[in-house]
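Architecture at a glance
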Amino acid sequence: MSEPRKLYVKSFGCQMNVYDSRRMADTLAPQGYVEIAAADDADLVILNTCHIREKAAEKVYSELGRVRRLKEAAAADGRRVIVAVAGCVAQAEGEEIIRRAPAVDLVFGPQSYHRLPELLARAARAGKAVDTEFPIDDKFDHLAAPTWEATRARGVCAFVTVQEGCDRFCTFCVVPYTRGAEMSRPAAKIIAEIEHLAAAGVREITLIGQNVNAYHGAGPDGRPWSLARLLHRVAEIDRIARLRYTTSHPGDMGDELIAAHRDLPALMPQLHLPVQSGSDRILAAMNRRHTRADYLDIVRRLRAARSDLALTSDFIVGFPGETESDFAATLDLVEQVGFAGAFSFKYSPRPGTPGAEMADQVDEAAKAERLQRLQAAIDRASAAFNRRCLHRTLDVLFERAGRHGGQLVGRSPYLQPVQVAAPAALIGEIVPVTISEIASNSLFGTLAANAARDMARHVERPFVGAGA
Ligand code: SF4
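This one's a predicted model, so the numbers in the text were calculated from it and none came from an experiment.

**Some details on the site of the ligand**
Near the ligand you find Cys166, Arg168, Phe169, Cys170, Phe172, Cys173, Val175, Pro176, Gln210, His249 and Arg288, and these make up its full shell. Partitioning the shell around the ligand into residue classes produces seven nonpolar, two polar and two charged.

Pasting the structure below:
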C-alpha cells in the first residue's frame, strides 16, 4: 500500500471558506491525501483565501513567502511540495499569483474545488495550472461526502453551504465578482448532507451562504423553498437539536423567516444581520437598498417574534463620503439596537468595485479614529448583553475539551463560548449551565443542579453518536 500523501489547508476569512476547505479535503481523501495540522511535512499546501478583509491579497503573498521557503527546504531533502492558492483572492488575481509567486503550482477559484484531482494532475503535467472559470455544472454534485471518521473528528457543530454568490452588488463588496451570481442548492441535497452529519453525531447545523436568507433552492415538491421552509424541514432531522444561519441581508429578511424565529424552537435566538452604516446617505452610496428605518423595523419585528434575540452585525467606517454626522448616525444606531456584538472595519477599496472609484475617499486618520469610537460603543453593548446572562441558567451544547483538565467548552443559545468543569462524556450533549462569571467575552458557569443530578447517567452511557 502506498504512503498517504499529506495535505495542509489553511483557511482565511469566513465560515464558507472553512466549509470549502473541508470539502476540498473530502475530495482529496479518495486520492490518498490525509489532512495534517501544520504545513511543515505537507506534500500539498492549499491556501484557501478571502478577499473581504483589508489587504487580503498582500496577506496571501506574504504567506506564500513562508510557503516558498518550506518548499525550497523540502526540495533540498528531495521532496516535492505542491502549492495551491484557492478561494476569492485566487479568483480575483488569477495568473497574477503565479507571476508574483512562482512557487505556486495551482490557482483555482471557489467554483472549481470539486475538480481538484484533475487540476492537480494538470499542474503535474504542465508544471502550472490556473482555473478561475464559473462552470455551469454544480460543484456540489461532484464532491465526495466526508467519511464518517472525518465528520466525527470535526466535532458536534457543522456548517453546511446552502447558497453561494450574490446578486446585490453592494458597492464595497467583491463577492458578486469572485463568487458569481446567486445560486441555491436543491433542498433534498442539503437534507441528505445534514442527515449524514447527524448520523455521525453532529447536533448543531449552521446553514451558510454569502446571502443565505435569499435562499430559494428547488424543493422536493418541485417548488422553490425559502430559507424558512428549509429550516423547518432540517429541524425534523433526528438528533439535530440546534439551527443557525449566516450571513443575511436585511432586504431578504421576510415575514416567513422572522416567524421561524418565533415558531421553531431549534432555531437559536441569535442572528448576524449586517447593517454596515446607520446613515441613509451612506447606505444609498453602498447600494444596500435598505434604509436605517427599514433595518430598525426588521429588528423590532424580530424582537417581537423572539424577545431575547442576540443580534450581531457588521459595520464599515469611513466609506467614501462619510461625514462626521453620518458616522454619528451609525453610533446612534448601535445605541438603539443594543447589539450582542459586531465586526467593524475601516473601509478599504477593493479593486474593481464601484466604491474604489468614488472620489470622496475618507482619510485614514479619520477612519482610524471613528473605528476606535465605534468599537468602544460595540464593546459596551456587548458587555451589557453578556451581563444580562449572569446568574441565568442557559442550555449549553458542549463541543470540546477546554484548555484546563476537567473543563469543557460549549456554546450558549446566543453563541457565546461557555466554559464549565464537566466530564468529557457530556461532549455533544445540551446541558443547563448556571452562568457565574464573565471574562473577556467568555462565560464561565457550573452545571445546573438538575444537570449535575443527571450527570451520573451520562457518564454511565457516554455519548457515542448514532451509528456507533
Ligand atoms: S449582500 Fe453581502 S455578499 Fe452581497 S454584495 Fe452586499 S455585502 Fe457582498
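From this point, the discussion proceeds with the structure in view.
**Here's the deal with the pairing of strand E4 (residues 82-86)**
Counting buried positions along E4 yields five of five residues, so the element is predominantly enclosed. Residues Ile82, Ala84 and Ala86 line one face of E4 and the alternating positions Val83 and Val85 line the opposite face, and both faces are buried. Two strands pair when backbone bridges link them, and strand E3 (residues 44-49) and E4 are joined in this way by five bridges, in the parallel orientation. In the sheet register, Val45 faces E4, and the bridge partner there is Val83. Strand direction decides the pairing type here: E4 and strand E5 (residues 106-108), joined by two bridges, are parallel. Across the sheet, Ala84 pairs through a bridge with Leu106, a residue of E5.

**Things to note about helix H9 (residues 227-235)**
Along H9, the residues classified as buried are Leu227, Ala228, Leu230, Leu231 and Val234. Taken end-on, H9 shows its buried residues confined to a sector of 160 degrees, consistent with a single buried face.

**Observations regarding the pattern of salt bridges**
For side chains bearing opposite charge, pairing can occur when the charged atoms are close. Evaluated as defined, the whole model comprises 37 salt bridges. Close ionic contact of Arg23 with Asp26 constitutes a salt bridge, the shortest N to O distance being 3.6 Å. Here the residue Arg23 and the residue Asp26 both occupy positions in helix H1 (residues 15-28), the gap between them amounting to three residues, near one helical turn. Residue Asp308 is joined to Arg306 by a salt bridge in which the shortest nitrogen-to-oxygen separation is 2.7 Å. Given the relative accessible area of 24%, Arg306 is considered partly exposed. Residues joined by salt bridges that share partners form a network here, namely Arg23, Asp26, Arg154, Arg185 and Glu193.

**Brief notes about unusual backbone geometry**
Note on backbone geometry: most residues besides glycine have negative phi, and most peptide bonds are trans. With an omega of 5 degrees, the peptide bond running from Thr246 to Thr247 counts as cis. Secondary-structure assignment places Thr247 in the loop between strand E11 (242-246) and helix H10 (255-263). Located in the positive-phi region is Phe169, a residue other than glycine, with phi close to 55 degrees. Assessed through its relative accessible area of 36%, Phe169 is described here as partly exposed. With a phi angle near 70 degrees, His391 is a residue other than glycine that sits in the positive phi range. Here His391 shows up in the loop between helix H15 (364-387) and strand E15 (393-401). In this structure His391 comes out as exposed when scored by relative accessible area, which is 62%.

**Comments concerning the sheet that holds strand E1 (residues 5-11)**
Reading across the sheet, the six strands line up as E2-E1-E3-E4-E5-E6 and stay open at both edges, with parallel pairing between neighbours. Two strands bound the open sheet, and with one partner strand each, they are strand E2 (33-35) and strand E6 (129-131). When strand polarity is set aside, the average angle formed by the axes of neighbouring strands in this sheet is 20 degrees. When E1 meets E3, the two strands line up parallel, connected through five bridges. Residue Lys10 lies in a different strand from E3, and its bridge partner there is Leu47. Contacting E1, E2, E3, E4 and E5, H1 crosses the sheet at an angle of about 155 degrees to E3. Relative to the sheet, helix H2 (residues 56-76) contacts E1, E3 and E4, its axis offset from that of E3 by approximately 175 degrees.

Conventions used here
Residues numbered from 1 in each chain as written. Predicted model: local features only at pLDDT ≥ 70, side-chain atom pairs only at ≥ 80, totals over all residues. Heavy atoms only, no water. Near = heavy atom within 4 Å. Nonpolar A, V, L, I, M, F, W, Y, C, P; charged D, E, K, R; others polar. Buried < 20%, exposed > 50% of the residue type's maximum accessible area, 1.4 Å probe, protein only. Helix = DSSP H or I, 4+ residues; strand = E, 2+ residues; numbered from the N terminus. Pairing = 2+ DSSP bridges. Arc of directions from axis to C-beta. Salt bridge = Lys/Arg side-chain N within 4 Å of Asp/Glu carboxyl O. Axes fitted to C-alpha atoms, helices over the stretch in contact; angles between N-to-C directions. Contact = heavy atoms within 4.5 Å.

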